[in-house]
Amino acid sequence: QVQLVESGGGLVQAGGSLRLSCAASGRTFSSYAMGWFRQAPGKEREFVATISRTGGVTYYADSVKGRFTISRDNAKNTVYLQMNSLKPEDTAVFYCAAGGSFTSRSRTGYNYWGQGTQVNVSS
């Protein structure tokens, strides 16, 4: 079992930056591909970014490509999401997730989820 705790959300003006962190429990963090998803009010949870077990492979949603960067530190059992050039449409609850051995853009590819951290971007 993996427990995930997100942090780093908050209120930021459009054009600003935030860095989200997701700390994982357990000694097997490096065996999981990790992902970030987000859910805006009234919308379904959507894929944002994913990273492979070693960090060598990453994929992004088109809406965040070039602005967001996912990374991980397996020694610290932590995955990060650096968010730059934030837009009001990025406002959402952001969730990290731990999956299987391979990256996935689908929610079904992940078995463990954090509680989420709120990101609000003002115009």
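That block above? That's the structure.
All of these numbers come straight from a predicted model, not from anything done at the bench.

A look at the overall build of the chain
Here is step 1: When helices and strands are tallied, the chain shows zero helices and eleven strands.
Here is step 2: Going from N to C terminus, the chain has its helices and strands arranged as β-β-β-β-β-β-β-β-β-β-β.
Here is step 3: Here the C-alpha atoms of the chain give a radius of gyration of 13 Å, agreeing with the 14 Å that 2.2 N^0.38 yields for 123 residues.
Here is step 4: Seen through its C-alpha atoms, the chain measures out along the principal axes to roughly 40 × 25 × 25 Å.
Here is step 5: Across the 123 residues that make up the chain, the buried fraction comes to 44%.
Here is step 6: Across the chain, every contact between residues at least 6 apart in sequence was considered, and the portion connecting residues at least 24 apart equals 58%.
Here is step 7: Carbon and sulfur atoms form 45% of the exposed surface of the chain, whose accessible area is close to 6,300 Å².

Considerations on the pattern of salt bridges
Here is step 1: Counted by the stated rule, this structure contains four salt bridges.
Here is step 2: The partner of Arg38 in a salt bridge is Glu46, and the shortest N-O contact between them spans 2.7 Å.

Points about unusual backbone geometry
Here is step 1: Positive phi is not limited to glycine here, since Asn77 has a value of about 55°.
Here is step 2: Inspection of the secondary structure assignment puts Asn77 in the loop between strand S7 (68–73) and strand S8 (78–83).
Here is step 3: According to the relative accessible area criterion, Asn77 is buried, its value standing at 17%.
Here is step 4: We note that Ser85 has phi near 50°; this positive angle belongs to a residue other than glycine.
Here is step 5: For Ser85, a relative accessible area of 41% corresponds to the partly exposed category.

Side note on the nonpolar core
Nonpolar side chains tend toward joint burial in soluble globular proteins.
Here is step 1: If you look at the biggest cluster of nonpolar residues, it comprises 33 residues, and the most contacted ones within it are Trp36, Val79, Leu81, Met83 and Phe94.
Here is step 2: If you list the elements that add at least two residues to this core, you get strand S3 (18–24), strand S4 (34–39), strand S5 (46–51), S7, S8, strand S9 (92–99) and strand S11 (117–122).

Topic: the sheet that holds S7
Here is step 1: Reading across from one edge, S1-S3-S8-S7 is the order of the four strands in this open sheet, with antiparallel pairing throughout. Looking at the sheet topology across the chains shown, the edges are occupied by strand S1 (4–7) and S7. For this sheet, the mean inter-axis angle between neighbouring strands, taken without regard to orientation, is 15°.

Observations regarding the pairing of S7
Here is step 1: Along S7, the buried face is formed by Phe68, Ile70 and Arg72; none of Thr69, Ser71 and Asp73, which line the opposite face, is buried.
Here is step 2: Hairpin remark: S7 followed by S8, antiparallel, with four residues in the connecting loop; positive phi at Asn77, about 55°.

About the criteria used
Residues numbered from 1 in each chain as written. Predicted model: local features only at pLDDT ≥ 70, side-chain atom pairs only at ≥ 80, totals over all residues. Heavy atoms only, no water. Helix = DSSP H or I, 4+ residues; strand = E, 2+ residues; numbered from the N terminus. Rg over C-alpha atoms; globule rule 2.2 N^0.38 Å. Buried < 20%, exposed > 50% of the residue type's maximum accessible area, 1.4 Å probe, protein only. Contact = heavy atoms within 4.5 Å. Areas by Shrake-Rupley, 256 points an atom, 1.4 Å probe, with all protein chains shown as cover. Salt bridge = Lys/Arg side-chain N within 4 Å of Asp/Glu carboxyl O. Core = buried A, V, L, I, M, F, W, Y, C linked by side-chain atoms within 4.5 Å. Pairing = 2+ DSSP bridges. Axes fitted to C-alpha atoms, helices over the stretch in contact; angles between N-to-C directions.

So far we have only geometry, and geometry alone does not tell us how the molecule works.
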